[in-house]
Amino acid sequence: MPFRSQGAEDGGSVSASRGDEQGSAVVDFVLVGGLLTMFFLAVVQLTLVLHVRNTLIDAASSGARYGALADRTPTDARERTADLIGIALNADFARDISTSEASFQGIRSLVVTVRAPLPVIGLIGPGAALEVRGHAATPG
């Protein structure tokens, strides 16, 4: 004897008992899809923030090493840092670059500080919210 559902034995249809759930798959898909899309965009934005931060650290460190050479000045370090940031990201991230000299355990070093916007939506965000520094030992 073939398998039959209870509704089929009574002469009714099986789909009549599921009338309340019709269309719920579309709603579930939209809700879960929207949540997954927001999660994906948040991960992409976090990745962008980390990329910007690491790029600024690398540019500040490279600028400090360049400025610490025997024939270079802190102004050269500032210009080199601004050039590297302008090439890798955007000139807006290179607006606030400063240099200073510091001493760590008796060793003089050049410090390059970059203050840049923190990217919140794409590359747009509040200015000077992200601060990074690069250090290099100076001769002498």
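Residues numbered from 1 in each chain as written. Predicted model: local features only at pLDDT ≥ 70, side-chain atom pairs only at ≥ 80, totals over all residues. Heavy atoms only, no water.

## Section: the packing of aromatic side chains
Aromatic ring pairs are reported here in terms of the distance separating the ring centres and the angle at which the planes meet. Note the following rule: Between 30 and 60 degrees the pair is tilted, below 30 it is stacked and above 60 it is edge-to-face, where a pair is any two Phe, Tyr or Trp rings, Trp via its six-membered ring, whose centres lie within 6.5 Å. Working rule: Lys NZ or Arg CZ, within 6 Å of ring centre, within 35 degrees of ring normal, means a charge sits over the ring.
Scanning all chains against the criterion turns up zero aromatic pairs. For R80, the ring lying beneath its charged end belongs to Y66, and the centroid distance is 4.9 Å.

## Re the pairing of strand β3 (residues 130-137)
Let me state the cut-off plainly: Residue burial is assigned from relative accessible area. The probe radius is 1.4 Å, only protein chains are included, and a residue is buried under 20% of its type maximum, exposed over 50%, and partly exposed in between. The numbering of helices and of strands both runs from the N terminus, where a helix is a DSSP run of H or I of at least 4 residues and a strand a run of E of at least 2. The pairing criterion is simple: DSSP has to find at least two bridges between the two strands.
Across the two faces of β3 the burial differs, with L130, V132, G134 and A136 buried and E131, R133, H135 and A137 not buried at all. Here strand β2 (residues 107-116) runs beside β3; their pairing, made up of eight bridges, is antiparallel. Across the sheet, L110 pairs through a bridge with A136, a residue of β3.

## Here's the deal with the side chain of S62
Quick note on the threshold: Contact between two residues is taken to exist if any of their heavy atoms lie within 4.5 Å; hydrogens are not considered.
Along the chain, S62 turns up in helix α2 (residues 24-67). According to the relative accessible area criterion, S62 is buried, its value standing at 17%. Sequence-distant contacts of S62, defined by excluding residues within four places in its chain, comprise R80 and L84.

## Structural notes on the sheet that holds β2
Two strands in a sheet stick together by hydrogen bonds in their backbones, pointing the same way (parallel) or opposite ways (antiparallel). Note the cut-off: To obtain an axis, a line is fitted to C-alpha atoms, over the contacting stretch when the element is a helix, and the angle between two such axes runs from 0 to 180 degrees between their N-to-C directions.
The strand order across the open sheet formed by three strands is β1-β2-β3, and the pairing between neighbours is antiparallel. The strands lining the two open edges of the sheet, one partner per strand, are β1 (96-104) and β3. Shown here is a sheet whose adjacent strand axes are inclined to one another by a mean of 25°, direction ignored. In terms of strand pairing, β1 meets β2 through nine bridges, oriented antiparallel. Residue pairing for β2: S103 is matched across the bridge by R108. Of the strands in this sheet, β2 and β3 are in contact with α2, which crosses β3 at around 30°. Sitting on the sheet, helix α3 (residues 74-88) touches β1 and β2, and the angle it makes with β1 is about 130°.

## A word on the pattern of salt bridges
Put simply, the test is: The salt bridge definition used is simple: a Lys or Arg side-chain nitrogen within 4 Å of an Asp or Glu carboxyl oxygen.
Inspection of every chain in the model, using the stated rule, returns six salt bridges. We note a salt bridge from R115 to D96, for which the minimum N-O separation is 3.9 Å. Taken together, the residues R115 in strand β2 and D96 in strand β1 connect sequence positions 19 residues apart. Put simply, E131 and R115 hold a salt bridge, and the shortest N to O gap is 3.3 Å. Of this pair, E131 sits in strand β3 while R115 sits in strand β2, placing them 16 residues apart in sequence. The exposure class assigned to R115 is partly exposed, which follows from its relative accessible area of 28%. Within this structure, D96, R115, E131 and R133 form a network of salt bridges that share partners.

## Describing the confidence of the model for the protein
In regions of low pLDDT, the predicted coordinates are not meant to be interpreted in detail. To keep things clear, this is the line we draw: As a per-residue measure, pLDDT tells how confident the predictor is, with possible values from 0 to 100.
Looking at the protein, pLDDT values average 88 and 86% of them are 70 or higher. Taken element by element, the predicted model of the protein shows its lowest mean pLDDT in helix α1 (residues 6-9) (54) and its highest in α3 (97).

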